[in-house]
Amino acid sequence: IDENTARDDDDILRTWIPSHRLDVEREVDLIEEIARVEGYQHIPMLDRVCHRIAAESAREKAGRAILSLMAEAGFSEAITVTLVPEAEGRPFIPRASSGTESAPRALIHPLHDGWKADVLRPSLLPSLLAVRRTNQNVGIPDAHVFETGVTCHQSGDPALTPPAQRRTLAAVAGELSPLAALLGLLADRLNPAARIWIEPHAEQSPAGSLIPAFAPEAVGDVLLRLAGDPPATIGIIGFFTPDILRHYDLRHPAAGIELDWEALLAIYQPLRVAAPVPRFPAVSRDLSIVVEECVRWADINATLTAAGLAHLERIAFVATFRGKQVGEGR
């Protein structure tokens, strides 16, 4: 250091660095240089270091609540790599109504052609299906698995447009019922004023469903609505096609769900209001009704909710029965 001047009025130390010392750029570099010249043995050692612990943010609390809920619901968390083979990622790119792949979901090729997993995953579901296959091969045919992670999509020219990233929550099971049940559990855990439900996919076309990996006749959109806000689509749920099952060598049907992680975090309500304990035990009523095949559970649920029944707390779907006892088409 060639020269320095200290001014007591504002405690500013001005330094000039020799031109040949290109490694001294920051304040910490200057401190290290002074310590080296003065001698490390002359630096006092403290036996304690105090750090202020920051309070857990609402986002961190919400994420921890979601992970805990998934474990409580019987789902095991998987941690997979962000790269998948292109053949496995391609069916999870949504298609436009014309049947062509939509530009925002184009795959990104980050590595050379010699890699087996050569594209950044557009969805977490391909990796979870591979996990389900592994569990099947070791004697666990109906493993319920989930994962949270970042998915990547390329919009437009890769040379001009950076890839878009989106964090999602995805899960795979053998049936739709455990996946659909997660929606009510998520709403109760994150915000009791929120409603999360399933609607039949509204943009089905001859080319396939929103994601070609899902069977067109068994796919739905997941909608979220908070009190006073319009509903918003936050995900997709459905059974996978026979082609997908064959590709992963799965011997039994499989269903999947993928939700927008940020949308779930946004509705989190950390402050809960306690309710008084009921004076009397709950009474459950099991209703069996005969309806036309075209009637949706969402319509039945809406009808019961609109009835405004006193003391009604919860409505749950149990099962569907078809047989000669109720007649054809019912």
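As the structure is a prediction and not an experimental result, all values here were calculated from the model.

(A) Geometry of the environment of Glu292. Tracing the backbone shows Glu292 in the loop between helix H7 (261-266) and helix H8 (297-306). For the pair Glu292 and Val326, spaced 34 residues apart in sequence, the C-alpha to C-alpha distance is 10.0 Å. If we skip the residues at most four places from it in the chain, Glu292 touches Gly329 and Arg330. Looking at Glu292, its side chain comes within polar contact range of the side chain of Arg330, at 3.2 Å.

(B) Local environment of the sheet that holds strand S7 (residues 164-173). Read from one edge to the other, the open sheet built from 7 strands follows the order S3-S6-S7-S11-S10-S9-S8, with strand pairing classed as mixed. For this open sheet the edge positions go to strand S3 (76-77) and strand S8 (195-200), each flanked by a neighbour on one side alone. Bridge analysis of strand S6 (residues 145-153) against S7 gives 9 bridges, and the strand direction is antiparallel. When the sheet's bridge partners are listed, Glu147 is paired in S7 with Ala170. Running at roughly 30° to S7, helix H4 (residues 125-137) makes contact with S6, S7, strand S9 (214-225), strand S10 (232-240) and strand S11 (255-260) of the sheet.

(C) Structural view of the pattern of salt bridges. Inspection of every chain in the model, using the stated rule, returns 15 salt bridges. As a salt-bridge pair, Arg121 and Glu147 come within 3.5 Å of each other at their nearest N and O atoms. With Arg121 in the loop between strand S5 (119-120) and H4 and Glu147 in strand S6, this pair connects stretches of sequence that are 26 residues apart. One exposure class covers both Arg121 and Glu147, and it is buried. Of the charged contacts, one joins Arg330 and Glu292 as a salt bridge, the two residues approaching to 3.2 Å between their closest N and O atoms. Here Glu292 lies in the loop between H7 and H8 and Arg330 lies in the segment after H8, a separation of 38 residues in the sequence. With a relative accessible area of 39%, Glu292 lands in the partly exposed category. Connected via shared salt-bridge partners are Arg21, Asp23, Glu33 and Arg36.

(D) Highlighting the packing of aromatic side chains. Under the criterion given, the structure shown has 3 aromatic pairs. Geometrically, the ring pair formed by Phe92 and Phe240 is edge-to-face, given 6.2 Å between the ring centres and 65° between the ring planes. On the criterion of sequence distance, the pair formed by Phe92 in the loop between helix H3 (86-89) and S5 and Phe240 in strand S10 is long-range, its members being 148 residues apart. Note on accessibility: Phe92 and Phe240 belong to one class, buried. Arranged with centres 5.1 Å apart and planes meeting at 15°, the rings of Phe214 and Phe240 form a pair that is stacked.

(E) Main features of the side chain of Thr168. Structurally, Thr168 is set in strand S7. Discounting chain neighbours no more than four positions away, the residues touching Thr168 are Leu124, Glu147, Thr148, Gly149, Thr151, Glu258, Leu259 and Trp261.

(F) Structural context of unusual backbone geometry. Positive phi values are uncommon outside glycine, yet Asp249 reaches one of about 55°. Tracing the backbone through its elements, the reader meets Asp249 in the loop between helix H6 (242-247) and S11. Phi is positive for His311, close to 70°, though the residue is something other than glycine. The topology assignment puts His311 in the segment after H8. When its relative accessible area of 79% is taken as the criterion, His311 is described as exposed.

(G) The arrangement of helix H1 (residues 27-38) in detail. Relative to the 16 Å expected for 12 residues at 1.5 Å per residue, H1 spans 17 Å between its end C-alpha atoms, a close match to the ideal helical length. Among all positions of H1, only Asp29, Leu30, Glu33 and Ala35 are buried. Immediately downstream of H1, the backbone of Gly39 shows phi near 115°, a positive value.

Rules behind the numbers
- Along each chain, residue indices are assigned from 1 in the same order as the chain's sequence is written.
- The predicted origin of the model limits local features to residues at a pLDDT of at least 70 and limits the giving and counting of side-chain atom pairs to 80 or more, whereas totals for whole chains, interfaces and linings rest on all residues.
- Side-chain measures here rest on the full set of heavy atoms in the structure, leaving out hydrogens and waters.
- Numbering goes from the N terminus for both helices and strands, where a helix is a DSSP run of H or I of at least four residues and a strand is a run of E of at least two.
- Throughout, a residue-residue contact means that at least one pair of heavy atoms, one from each residue, lies within 4.5 Å.
- Identification of polar contacts relies on pairs of N or O atoms within 3.5 Å, with a donor-acceptor requirement for protein atoms, meaning one able to donate a hydrogen and the other able to accept it, and with residues adjacent in sequence counted only if both atoms are side-chain atoms.
- Only strands joined by at least two bridges in the DSSP assignment are considered to pair.
- Note on geometry: axes are lines fitted to C-alpha atoms, helical ones only across the stretch in contact, with angles between N-to-C directions running from 0 to 180 degrees.
- Definition used for salt bridges: Asp or Glu carboxyl oxygen within 4 Å of a side-chain nitrogen of Lys or Arg.
- Here the term buried applies to any residue with accessible area under 20% of the maximum for its type, exposed to any over 50%, and partly exposed to those in between, with areas from a 1.4 Å probe on protein chains only.
- Pairing of aromatic rings covers Phe, Tyr and Trp, the last counted by its six-membered ring, and requires centre-to-centre distances within 6.5 Å; plane angles under 30 degrees mean stacked, over 60 mean edge-to-face, and any other angle means tilted.
- Each residue after the first adds 1.5 Å to the expected span of a helix.

Functional significance is not addressed by these values, which are geometric in nature.
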